[in-house]
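Structural overview for review
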Amino acid sequence: AEGGGCSAKQIEVCVSTYGKICRRKGGMKTLALFQELAEGTGVEIIEQQECMDECPMGPNIRLDEDDRQIINGVKTREQVAEILGVDP
């Protein structure tokens, strides 16, 4: 996002047990990282139980912006910080 910070007001993190792939690939860890790093940013982190249909590329997140972009393979603190526009 321009000027730093995340333009999304909500970020959904897939922890779906359907197929268990995102969860097995670290979805819960990704969720915890988002919850920790989003503190104070005003971005709401949503624990999404509904499958995003991109399981093999998980853990997946979805931004609530106009295009509802799904970002695949979000696993590291650095990736989460970059998406949120904060320091890791």
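Now for a description of the structure that goes with this document. (Residues numbered from 1 in each chain as written. Predicted model: local features only at pLDDT ≥ 70, side-chain atom pairs only at ≥ 80, totals over all residues. Heavy atoms only, no water.)

Some points on the environment of Gly58
- Structurally, Gly58 can be placed in the loop between β2 (44–48) and β3 (61–63).
- Discounting residues that sit within four places of it in the chain, Gly58 has contacts with Cys22, Lys25, Gly73 and Lys75. (Helix = DSSP H or I, 4+ residues; strand = E, 2+ residues; numbered from the N terminus. Contact = heavy atoms within 4.5 Å.)

Considering empty space enclosed by the protein
- Evaluation of the coordinates by the stated rule reveals one cavity of 30 Å³ or more.
- Here the largest cavity defines a volume of roughly 40 Å³.
- Around the largest cavity sit Cys14, Ser16, Tyr18, Ile21, Cys22, Cys51, Met52, Asp53, Glu54, Cys55 and Asn60, which together line it.
- Among the residues making up the lining of the largest cavity, the classes are represented as seven nonpolar, two polar and two charged. (1 Å grid on protein atoms, 1.4 Å probe; cavity = no way out; pocket = protein on both sides within 12 Å on 5 of 7 lines; lining within 4 Å. Points joined across faces, edges and corners; volume = space filled by probe spheres on them. Nonpolar A, V, L, I, M, F, W, Y, C, P; charged D, E, K, R; others polar.)

Details of the sheet that holds β3
- The four strands lie next to each other as β2-β1-β3-β4, forming an open sheet whose pairing is mixed. The sheet terminates laterally at β2 and β4 (70–71), the two strands that pair on one side only.
- Looking at chain direction, strand β1 (residues 10–14) and β2 are connected through five bridges and run parallel. Along β2, the bridge assignment pairs Glu12 with Ile46. (Pairing = 2+ DSSP bridges.)

Focus: a positive patch on the surface
- A surface patch of like charges, here positive, comprises Lys20, Arg23, Arg24, Lys25 and Lys75.
- In this fold, Lys25 is placed in the loop between α1 (21–24) and α2 (27–37).
- Classification of Lys25 by relative accessible area gives partly exposed; the value is 34%. (Patch = residues over 30% accessible without salt bridge, like charges linked within 9 Å, V, L, I, M, F, W, Y side chains within 5 Å. Areas by Shrake-Rupley, 256 points an atom, 1.4 Å probe, with all protein chains shown as cover. Salt bridge = Lys/Arg side-chain N within 4 Å of Asp/Glu carboxyl O. Lys, Arg positive; Asp, Glu negative; His and termini not counted. Charge placed at Lys NZ, Arg CZ, Asp CG, Glu CD. Buried < 20%, exposed > 50% of the residue type's maximum accessible area, 1.4 Å probe, protein only.)

Quick word on unusual backbone geometry
- In the segment running from Gly58 into Pro59, the intervening peptide bond is cis, with an omega of 0°.
- Inspection of the secondary structure puts Pro59 in the loop between β2 and β3.
- Of note in the backbone geometry, Arg68 takes a positive phi value of approximately 50° without being a glycine.
- With respect to the element layout, Arg68 can be found in the loop between β3 and β4.
- Owing to a relative accessible area of 39%, Arg68 belongs among the partly exposed residues under this scheme.

Digging into α2
- Those residues of α2 lying buried are Gly27, Thr30, Leu31, Leu33, Phe34 and Leu37. One face of α2 carries all of its buried residues, which in axial projection span an arc of 160°.
- Its buried side turned inward, α2 meets β1, α1, β2, β3 and α3 (77–84). (Arc of directions from axis to C-beta.)

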